[in-house]
Amino acid sequence: MKSAIKNALFTLLIAISAGPLASAQTSNPRPSANPVVARMMELDAQRQSELAGYAAVRRYVAVNKKRRAEMLVRVTCGSDGAKQFSILSEEGSSAIRKHVFYKLLQEETEASRRGTRNSTRLTPENYDFYLVGKETLETGPAYVLSVVPKSENKYLIDGKIWVDAKDYAIVRIEGQPARNPSFWVHNVHFVHTYRKVHQFWFASSTQTSSHVRFFGDAELTIENSGYALNPEPVYTQGRSQEAKLTR
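The rules behind these values
- Residues numbered from 1 in each chain as written.
- Predicted model: local features only at pLDDT ≥ 70, side-chain atom pairs only at ≥ 80, totals over all residues.
- Heavy atoms only, no water.
- Helix = DSSP H or I, 4+ residues; strand = E, 2+ residues; numbered from the N terminus.
- Contact = heavy atoms within 4.5 Å.
- Salt bridge = Lys/Arg side-chain N within 4 Å of Asp/Glu carboxyl O.
- Buried < 20%, exposed > 50% of the residue type's maximum accessible area, 1.4 Å probe, protein only.
- Pairing = 2+ DSSP bridges.
- Expected span 1.5 Å × (residues − 1).
- Arc of directions from axis to C-beta.
- Phe/Tyr/Trp six-rings, centres within 6.5 Å; stacked < 30°, edge-to-face > 60°.
- Lys NZ or Arg CZ within 6 Å of the ring centre and 35° of its normal.

A few words on the side chain of T109. Mapped onto the fold, T109 is located in helix α3 (residues 94–114). If near-sequence neighbours (up to four positions away) are discounted, T109 is found in contact with K83 and F85.

Summed over the entire model, instances satisfying the criterion amount to eleven salt bridges. Here R172 and E174 are joined by a salt bridge, their closest N and O atoms 2.9 Å apart. Residue classification places R172 among the partly exposed positions, given a relative accessible area of 24%. Within this structure, R59, R68, E70 and E223 form a network of salt bridges that share partners.

Pairing of strand β1 (residues 53–63) with strand β2 (residues 68–78), which is carried by eleven bridges, proceeds in the antiparallel orientation. Of the residues in β2, the one forming a bridge with V57 is R74. Adjacent in sequence and paired antiparallel, β1 and β2 are bridged by four residues. Between β2 and strand β3 (residues 83–92), which pair antiparallel in sequence order, lie four residues; one of them, G81, sits at a positive phi of approximately 90°.

Quick look at helix α2 (residues 34–50) now. Given 3.6 residues per turn, any residue in an α-helix points the same way as the ones three and four places further on. Here α2 spans 25 Å end to end across 17 residues, near enough to the 24 Å set by a 1.5 Å rise per residue. Restricting attention to buried positions, one finds in α2 the residues V36, V37, M40, L43 and R47. The buried residues of α2 occupy an angular sector of 140° when the element is viewed end-on, so they sit on one face. Of the exposed residues in α2, those oriented more than 90 degrees away from the buried face are N34, P35 and S49.

A few words now on the packing of aromatic side chains. Using the criterion set out here, one finds seven aromatic pairs in the structure. Considering the side-chain rings of Y127 and F129, the 6.3 Å spacing of their centres and the 50° angle between planes classify their relative orientation as tilted. For R172, the ring lying beneath its charged end belongs to W162, and the centroid distance is 5.1 Å.

Spelled out as structure tokens, the structure:
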């Protein structure tokens, strides 16, 4: 059961950090999103070439009917996308921290090094995009696109993305995994938002809800703050994640 929960949350993390079974097709063709996607990819490549790394603070909170746990970590990311985590503080259910938080950090660390993001990113290689409309968010006007994956992969998503009409950066993702992470987990839904720091857009928050058989409803919240670009080496009193995982 604990493994099922961990797998469900990791699936979402990989999908949204980049990042569905195809949505039902209608007889009426949907408007092409090609111009928006082309501009999105062009400016994303430009921003990635200019980003030399960053550091941030991330807060995890997981709750269900009986348990709650919280963890604060510092994440540093190099220009190559490789991530490192240092735990600053933690409290609450040891089971959640061990089987959910620690595993999430370990898997994200490994995924950032083995190139998993290329096969899960929101790109034309992995998805078909369709223009749904335009909405105004707190970040400003945005194009709304539905995303349909080109393969049945549990690390892909079925949902919608919001693309900033000025910067052509993804500012919001909402949906569910393309495939249930496991027999034990269903009704998974997430909302992932981004914030702008200088010319770059970084993860802001993630709200995830799911139902685990014989376990009940569970919620995971991830909040990111304190972004610093091109950081100098950071030293903290927190325990390093690598040391934690070798215990």
